[in-house]
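Breakdown of the fold
Listed here are the chains, written in short residue letters.
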Amino acid sequence: LKPSWLKRFGCRLHCRSPHPCKTAPHTPPAMTESLQYRGMLSGHRGWVTSVTTTYEQSNVLVSGSRDKRVMIWELTPEQDSETIGYARRLLTGHSEPVSSVVLSSDGQFAL
């Protein structure tokens, strides 16, 4: 059974091959080589609406939330099993919920 988004858009969104899903069986590209669940970071008081990082500093995450705050997180090395990371900085003062965050290409600025 295909998810509803796959029924509507077919292979265009999740497959590198040009064929439609109906004619050739395949599986979506695996992301498990680069993504791995390590745990949960707690700190926001509302829904998290955006998470971003940079390739150069993949141990730093920036998250935005409906609680009108932006948090900068530092992830700890994988061998430290007690915690996966901590909030390095809390940015407050937004008058509306933060719907999206993005980092500049050099990782110096969050927008």
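Attention here is on the structure that accompanies the text. (Residues numbered from 1 in each chain as written. Predicted model: local features only at pLDDT ≥ 70, side-chain atom pairs only at ≥ 80, totals over all residues. Heavy atoms only, no water.)

**Regarding the sheet that holds strand 1 (residues 48-52)**
Two modes of strand pairing occur in sheets, parallel and antiparallel, and in both the strands are linked by backbone hydrogen bonds. Reading across the sheet, the 4 strands line up as 1-2-3-4 and stay open at both edges, with antiparallel pairing between neighbours. Strand pairing shows two members of the sheet lacking a second neighbour, strand 1 and strand 4 (85-91), which therefore form its edges. Taken pair by pair, the neighbouring strands of this sheet meet at an average axis angle of 25°, ignoring direction. Pairing between strand 1 and strand 2 (residues 60-65): 4 bridges, direction antiparallel. Residue S50 lies in a different strand from strand 2, and its bridge partner there is G64. (Pairing = 2+ DSSP bridges. Helix = DSSP H or I, 4+ residues; strand = E, 2+ residues; numbered from the N terminus. Axes fitted to C-alpha atoms, helices over the stretch in contact; angles between N-to-C directions.)

**Observations regarding the nonpolar core**
Of all hydrophobic cores here, the largest spans 7 residues; its members are V60, V62, V70, I72, V98, V101 and L103. Elements with a minimum of two residues in this core: strand 2 and strand 3 (70-75). Aside from chain neighbours lying at most four places away, what touches L103 is T52, T53, T54, V62, F109 and A110. (Core = buried A, V, L, I, M, F, W, Y, C linked by side-chain atoms within 4.5 Å. Buried < 20%, exposed > 50% of the residue type's maximum accessible area, 1.4 Å probe, protein only. Contact = heavy atoms within 4.5 Å.)

**Looking at the environment of N59**
With respect to the helices, strands and loops of the structure, N59 is situated in the loop between strand 1 and strand 2. Using a relative accessible area of 32% as the deciding quantity, one classes N59 as partly exposed. Not counting residues within four places of it along the chain, the set of residues in contact with N59 comprises W73, E74 and L75.

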